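Each chain, letter by letter, is given below.
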Amino acid sequence: MHIMIDLLPKLEKRAAGADSGDGGCQCAHHPGAESQGWGKQRARSAAEAGWPNKHTLRILQDFSNEPSSNLTSHSLEKITAAADRAESFRRMRPSAGKAEEHKPLIGDASGGRTVPAHGVSRLAALFEHPLYKVDLPPLTDDDTLFNVNNDIRFYPRAAGNQGWHNEEGNEEEDEFSPTGEVTAESYPNWLRFHIGINRYELYSRHSPVLDALLKDLVTQRVTSVAMKSGGTQLKLIMTFQNYGQALFKPMKQTREQETPPDFFYFSDFERHNAEIAAFHLDRILDFRRVPPVAGRLVNMTREIRDVTRDKKLWRTFFISPANNVCFYGECSYYCSTEHALCGKPDQIEGSLAAFLPDLNLAKRKTWRNPWRRSYHKRKKAEWEVDPDYCDEVKQTPPYDRGTRLLDIMDMTIFDFLMGNMDRHHYETFEKFGNDTFIIHLDNGRGFGKHSHDELSILVPLSQCCRVRKSTYLRLQLLAKEDYQLSSLMEESLLRDRLSPILIQRHLQAMDRRLRLVLQVLAGCIEKEGYVNVVEEDLNGDTSNPQEPRPQVVRTRLKGERKTTSDT
């Protein structure tokens, strides 16, 4: 009885730890987890005393043959040093502890670190503006990418395993959960994102799925990793415990590093923070054509090396002379020991972009960008030497009808604000034919220069002199002091776990480039007339009363020249 009384407090303490989730870590059955011996009990006691968590402080010298490289619970000095080094990469996080766990990733702007002018969120005010409340046309089955009742059968793995219902691990209940009783709201967030795609947008303006999906990208346990085939630089496909997938682009450059002026656009590094910033910029412009992207601090040992089945990737891991974990993978460029990706000591930043639906379920068509660059050191593309190039494009399908040319102009403005010169192709969903939006994929070469504006990116806009009215009015709005683009971007990016994403000089460059876009459009309007440049696409009074408003806009026939009397 005395023995039982002595053990009771310890048992209660252990039970309380299990109930709180400390004992039920999702990493407990991880392929790289250590055996359950006395060392684990010592580690748990140490954790209760404030020691670093053993999962955070993975053994860094697993690849070394030196016996002394394996840290144990007795090596307090080594563990403390490793914790300090791992913590150095977390300094850019806006908050710590429990507050960070629940930090909003995108939604209400009032959760940010700083309070905008007058104590009001600029971002919240922007999304309340009438220009950001324009309704879409009524959606039919032909306008949605998937029919929830019929097409969900194409996701047998997701529909047949409801593991996302209870992520705490009630496996028995999940195993016998009848698929037929599951509603669309209970699907994992990545599947709800896929179901929400339609002819006009990847996600709705105020979709509750968006914030939840961004959180999943940061918090879901990684179950497998593989290298993505193709491309010039290393990218990884990460699969999560709820069967969702994301494209991981690791950090290659610091935020302060600017692309050297002598670098060609096709030889520049891809930046993880550019992918993150592009998603936020696309949303502020109200395009909603970039798949959700979030920044994540990844443990290279536990979340890449230990879970990959790709032997080619696994064999490229090594320990650097600075005692950091590194790897380089396989790709066309920058995949060698000299260009290895190294952690601090095994933590590395990266962007995670949510996958679009599988091509077997939702085919996409790849189009060559008419204003594609030559990707040659000496040759120029045709559009760079022919001032009438746009006239030829406008007579070529699919640019001779519909909204595709206007989509190209939107993409041009989007790329110029980022400084992205690497837009050689684009994609659309095949189901929607030519009457749909352009998906803004692969934005990693944006935000490389802040001291220089590449005006050649604006050539399509200056040649064609066409823009949507909604886009034009939003650009004017973002140029105003109350809705300054740089301030909106700064506030929006604070919600990312890797904040700050962009340095101030890049934010200021966007304001400068926005003024240049408006100057080009002003020149077009002065030369060709407002109604011949600004394409009406709004229903309702969302425009500035001072702007001329055409009562009727006649559609020009193919090959007909523009005149100022087309009203």
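Residues numbered from 1 in each chain as written. Predicted model: local features only at pLDDT ≥ 70, side-chain atom pairs only at ≥ 80, totals over all residues. Heavy atoms only, no water.

Asks: I'm lost on the sheet that holds strand E7 (residues 341-342) in this one. Help?
Replies: Adjacent strands of a sheet form backbone hydrogen bonds with each other and so pair up, either parallel or antiparallel. In space, the 3 strands of this open sheet follow the order E5-E6-E7, with antiparallel pairing throughout. On the outer flanks of this sheet lie strand E5 (318-319) and E7, each paired with one strand and no other. When E5 meets strand E6 (residues 325-327), the two strands line up antiparallel, connected through 2 bridges. Along E6, the bridge assignment pairs isoleucine 319 with valine 325. (Pairing = 2+ DSSP bridges. Helix = DSSP H or I, 4+ residues; strand = E, 2+ residues; numbered from the N terminus.)

Asks: How do you make sense of the nonpolar core when you look at a structure like this?
Replies: For soluble globular proteins, the rule of thumb is that nonpolar side chains tend to be buried together. The biggest cluster of nonpolar side chains holds 118 residues, and the ones touching the most others in it are Ile304, Trp371, Phe429 and Met489. It is helix H16 (residues 404-418) that provides the largest number of residues to this core, a total of 9 residues. (Core = buried A, V, L, I, M, F, W, Y, C linked by side-chain atoms within 4.5 Å. Buried < 20%, exposed > 50% of the residue type's maximum accessible area, 1.4 Å probe, protein only.)

Asks: Can you help me understand the packing of helix H11 (residues 272-284) against H16 in this one?
Replies: Between H11 and H16, the shortest axis-to-axis distance is 11 Å and the interhelical angle comes to 135°. The angle between H11 and H16 places the two elements in the oblique class. For H11 against H16, the interelement crossing comes out right-handed. Contacts from Ala278, Leu281 and Asp282 of H11 reach H16 at Phe414, Leu417 and Met418. For the contact of H11 with H16, the per-class residue count stands at 5 nonpolar, no polar and 1 charged. (Axes fitted to C-alpha atoms, helices over the stretch in contact; angles between N-to-C directions. Parallel < 35°, antiparallel > 145°, perpendicular 65-115°, else oblique. Left-handed = near helix turned anticlockwise from the far one by under 90°. Contact = heavy atoms within 4.5 Å. Nonpolar A, V, L, I, M, F, W, Y, C, P; charged D, E, K, R; others polar.)

Asks: Looking at this structure, how should I read the environment of isoleucine 197?
Replies: Counting through the fold element by element, isoleucine 197 comes out in the loop between helix H9 (189-195) and helix H10 (208-219). Apart from residues lying up to four places away in sequence, isoleucine 197 is in contact with Thr144, Leu145, Leu202, Leu356, Pro357 and Phe429.

Asks: Help me out: how do you make sense of empty space enclosed by the protein in this one?
Replies: Over the atoms a probe the size of a water molecule is rolled, and this reveals where empty space is left. Within this structure, the stated rule accounts for 6 cavities of 30 Å³ or more. Approximately 170 Å³ is the volume attributed to the largest cavity. Lining the largest cavity we find 18 residues, and of these Asn369, Trp371, Asp415, Arg423 and Ile457 sit closest to its centre. Among the elements that line the lining of the largest cavity, the one with the most residues is H16, at 4 residues. Within the lining of the largest cavity, the residues separate by chemical class into 8 nonpolar, 5 polar and 5 charged. In this structure, the second largest cavity occupies an estimated 60 Å³ of space. (1 Å grid on protein atoms, 1.4 Å probe; cavity = no way out; pocket = protein on both sides within 12 Å on 5 of 7 lines; lining within 4 Å. Points joined across faces, edges and corners; volume = space filled by probe spheres on them.)

Asks: Looking at this structure, I do not really get the packing of aromatic side chains. What am I missing?
Replies: Centre distance and the angle of the planes are the two values used to describe a pair of aromatic rings. The full count for this structure, using the stated rule, is 9 aromatic pairs. When the ring of phenylalanine 429 is compared with that of phenylalanine 432, the centres are 6.3 Å apart and the planes differ by 80°; the resulting orientation is edge-to-face. As far as burial versus exposure is concerned, phenylalanine 429 and phenylalanine 432 are alike and both buried. In textbook terms, an aromatic cluster arises when at least three aromatic residues are bridged by ring pairs, as seen for Phe429, Phe432 and Phe437. Over the ring of tryptophan 367 we find lysine 365; its NZ or CZ atom is 4.3 Å from the centre of that ring. Lying over the aromatic face of tyrosine 132, arginine 474 brings its terminal NZ or CZ to 5.4 Å of the ring centre. (Phe/Tyr/Trp six-rings, centres within 6.5 Å; stacked < 30°, edge-to-face > 60°. Lys NZ or Arg CZ within 6 Å of the ring centre and 35° of its normal.)

Asks: Can you walk me through the pattern of salt bridges in this structure?
Replies: If charged atoms from side chains of opposite charge come close, those side chains can pair. According to the stated counting rule, one finds 24 salt bridges in the structure shown. The residue glutamate 275 makes a salt bridge to lysine 249 at a minimum N-O spacing of 2.5 Å. One end of the pair, glutamate 275, is in helix H11; the other, lysine 249, is in strand E3 (residues 245-250), and 26 residues separate them in sequence. Between aspartate 286 and arginine 288 there is a salt bridge, with its nearest N and O atoms 2.5 Å apart. Taken individually, aspartate 286 and arginine 288 each receive the classification buried, so the pair is uniform in this respect. Residues joined by salt bridges that share partners form a network here, namely Glu201, Arg205, Asp286, Arg288 and Arg474. (Salt bridge = Lys/Arg side-chain N within 4 Å of Asp/Glu carboxyl O.)

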